[in-house]
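Overview (structure and organization)
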Amino acid sequence: MPELAIHGGVPVRERMLPYSRQWVDDDDIEAVVRVLRSDWLTTGPNVTAFEEAFAAWVGTEHAVAVSSGTAALHAAVFAAGIGPGDEVIVPPMTFAASANCIRYQGGTPIFADVRPDTLNLDPVRAEAGITERTRAIITVDYTGQPSDLDELRALRERHHLILIEDGCHALGATYRGRPVGCLAHLTAFSLHPVKHITTGEGGVVTTSDGEMAARLRLFRNHGITTVPSQREAAGSWFYEMTELGYNYRLTDFQCALGQAQLQKLPAWVARRREIAARYSAAFAVIRELETPPVLADRESSWHLYVIRLNLEYLRVGRIEVFRALRAENIGVNVHYIPVPWHPYYQKLGYTKGQWPVAEAAYERLLSLPIFPAMSDQDVEDVVKAVSKVIKHYG
Ligand SMILES: Cc1ncc(COP(=O)(O)O)c(C=O)c1O
């Protein structure tokens, strides 16, 4: 058996393979440079063009570009009218921003546990968390696999709630044949470099509701009713601030990058699916781990590939497997520490032990590298390193 790199053996690869990374080509760079030479650096024609292309891609009426996925969630919570005293259901197995956005507007996150297979919000647990103060549900498409949207939409109807989808992992995913982005009242996307397409930092909210779209646009621009080009066209300096908004605008050159990247999305999602299929085939025979479940009625866009360790078959814990894989130069990661476990939420009074499915899953999770720019050799290095480390500790 080859010696593990962590014990002084030769690592599977010479350089660290990150868990994700952007892909920027010459045409992306040229698109950005063209805008840098133009008159508009911030809100200009490329913002509108990117928003229209994005809305068309996800099959909805409106897309509003903002400065991050977090800003997209914050704007969505604002557009949903959440305020102090309102409760919002959200799963604990996600990035902190999915719940923080509720706090930004003074609302109260009510964490509801996830399904044991997909680790997405469990509609039954979500319904159990609903009270007369509940105003909305934020569901998260964990790893890129869409949530149980039909069940959640039925809940929304039954209890007169707003459904917000945190689709930050799920650009390019489909649910029962329809793209994520047209299935909830509001869907938030992230354009961070580890995501499916990037603008550096950036985010988008999609909606088919014109009033909500108007509120999103107001919110990203300080709550001010007009942008400078509208004032110029009207020959007037007049504007009004009608709501407390923020500067969450995305620049024109970032939107040019977004348009160029969007062209490549189908090929990149296809490559992610190919890599996921290779991993799942290679690891199916390893009893020390479980591969991520794939449901027949939805197609993941594979932002993450998360295995679960069967710790009862291993001589060591997750941390030793994590460190051994890092020593082999495989940039594994863990997504996520349950959000209410963070000290900020603990100080607010949330106590551990309320979400047994998410909390037990967290102890076993490990994210493997997955991104479209990975070569076949990179993929085989991951397969080799995982097999080597697991065989050693199994
Ligand atoms: C599920 C989820 N929601 C929200 C965000 C926030 O996105 P951003 O980093 O663009 O602010 C992330 C980012 O990693 C995420 O994974």
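Everything below is about the structure shown above.
Residues numbered from 1 in each chain as written. Predicted model: local features only at pLDDT ≥ 70, side-chain atom pairs only at ≥ 80, totals over all residues. Heavy atoms only, no water.

**Some words on helix H7 (residues 210-219)**
Short version of the rule: Buried, partly exposed and exposed residues are distinguished by accessible area as a fraction of the type maximum, computed with a 1.4 Å probe on protein chains only: under 20%, between the cut-offs, and over 50%, respectively. Here a strand is any run of E in DSSP of at least two residues, a helix any run of H or I of at least four, and the numbering for each starts at the N terminus. We call two residues in contact whenever any of their non-hydrogen atoms come within 4.5 Å of each other. What qualifies as a polar contact is a pair of N or O atoms within 3.5 Å, subject to a donor-acceptor requirement within protein and to the restriction that residues adjacent in sequence count only when both atoms come from side chains.
Restricting attention to buried positions, one finds in H7 the residues Met212, Ala213, Leu216, Leu218 and Phe219. In the core, the buried residues of H7 are packed alongside strand E1 (62-66), helix H3 (69-79), strand E5 (162-166), strand E8 (186-190) and strand E9 (203-207). The N-capping residue of H7, defined by a side-chain oxygen 2.9 Å from the backbone nitrogen of Glu211, is Asp209.

**Let's talk about the site of the ligand**
Spelled out, the test is: We call a residue near a molecule or strand when any one of its heavy atoms sits within 4 Å of it. Buriedness of a pocket was judged along seven lines, with at least five required to meet protein on both sides within 12 Å; pockets are open sets of points on a 1 Å grid over the protein atoms alone, cavities are sets where a 1.4 Å probe fits but cannot get out, and lining residues have an atom within 4 Å of a point. Being in a pocket or cavity means that more than half of the molecule's atoms lie within 2 Å of its grid points. By the convention adopted, Pro, Cys, Tyr, Trp, Phe, Met, Ile, Leu, Val and Ala count as nonpolar, Lys, Arg, Asp and Glu as charged, and the other residues, Gly among them, as polar.
In the region of the ligand, 16 residues are neighbours, and Gly69, Thr70, Asp166, Ser190 and Lys195 sit closest. Within the side chain of Thr70, a nitrogen or oxygen atom sits 2.5 Å from an oxygen atom of the ligand. The pocket occupied by the ligand, as judged from atoms lying within 2 Å of grid points, is the second largest pocket. Going through the elements one at a time, H3 and helix H4 (97-104) are the ones with two or more residues in the shell around the ligand. When residues in the shell around the ligand are grouped by element, the largest group, three residues, is from H3. For the shell around the ligand, a count of residues per class yields six nonpolar, eight polar and two charged.

**Details of empty space enclosed by the protein**
Note the following rule: Grid points are joined across faces, edges and corners, and a volume is the space filled by probe spheres set on the points.
Evaluation of the coordinates by the stated rule reveals two cavities of 30 Å³ or more. Size it by volume and the largest cavity reaches roughly 120 Å³. Thr118, Thr143, Gln145, Pro292 and Pro293 are the residues nearest the centre of the largest cavity, which is lined by 14 residues in total. Residue composition of the lining of the largest cavity, by class: eight nonpolar, four polar and two charged. The wall of the second largest cavity is formed by Arg21, Gln22, Trp23, Pro193, Lys195, His196, Ile197, Thr198, Gln261, Trp268, Arg272 and Pro372. Tallied by class, the residues present in the lining of the second largest cavity amount to five nonpolar, four polar and three charged.

**Some remarks on the sheet that holds E5**
Spelled out, the test is: When DSSP finds two or more bridges between a pair of strands, those strands are recorded as paired. Each axis is a line fitted through C-alpha atoms, taken for helices only over the stretch in contact, and angles between the N-to-C directions span 0 to 180 degrees.
Sheet architecture is open: seven strands sit in the order E1-E9-E8-E5-E4-E2-E3, paired in mixed fashion. Edge positions in the open sheet fall to E1 and strand E3 (108-111), since each of these has one partner strand only. Neighbour-to-neighbour, the strand axes of this sheet turn through a mean angle of 25°, independent of strand direction. When E8 meets E9, the two strands line up antiparallel, connected through four bridges. Bridge pairing links Ser190 to Gly203 in E9. Here helix H2 (residues 45-58) sits on the sheet in contact with E1, E8 and E9, set at roughly 130° to E1. Along the sheet, H7 contacts E1, E5, E8 and E9; its crossing angle with E1, the most-contacted strand, is approximately 15°.

**Thoughts on the pairing of E1**
For E1, a buried count of four out of five residues is recorded, marking the element as mostly surrounded by other parts of the structure. Judged from the five bridges that link them, E1 and E9 form a sheet pairing that is antiparallel. Bridging from a neighbouring strand, Ala65 pairs with Val204 of E9.

**Focus on the nonpolar core**
To keep things clear, this is the line we draw: The criterion is simple. A nonpolar core is a set of buried Ala, Val, Leu, Ile, Met, Phe, Trp, Tyr and Cys residues joined through side-chain atoms within 4.5 Å.
Of all hydrophobic cores here, the largest spans 48 residues; its most connected members are Met93, Phe111, Ile138, Ile164 and Leu186. Not counting chain neighbours up to four residues away, the residues in contact with Ile138 comprise Val77, Val88, Ile89, Val90, Pro91, Ser98, Cys101, Ile102, Leu121, Ile164 and Asp166. In this structure, Tyr279, Ala324, Leu366 and Val389 belong to the second largest nonpolar core, which totals 35 residues.

**Re the packing of H2 against helix H9 (residues 252-262)**
Filter applied, for reference: By definition in this entry, angles of less than 35 degrees are roughly parallel, angles greater than 145 are roughly antiparallel, angles of 65 to 115 are roughly perpendicular, and the rest are oblique. Should the near helix be turned anticlockwise from the far one by less than a right angle, the crossing is left-handed, and should it be turned clockwise, the crossing is right-handed.
Two elements in contact, H2 and H9, have axes whose closest approach is 8 Å; the angle formed by their N-to-C orientations is 30°. Between H2 and H9, the angle falls in the class roughly parallel. Judged by the twist between their axes, the crossing of H2 over H9 is left-handed. Note on element contacts: H9 touches H2 through Asp252, Cys255, Ala256, Gly258, Gln259 and Leu262, opposite Pro45, Asn46, Val47, Ala49, Phe50, Ala53, Phe54 and Trp57. Partitioning the contact of H2 with H9 into residue classes produces 10 nonpolar, three polar and one charged.

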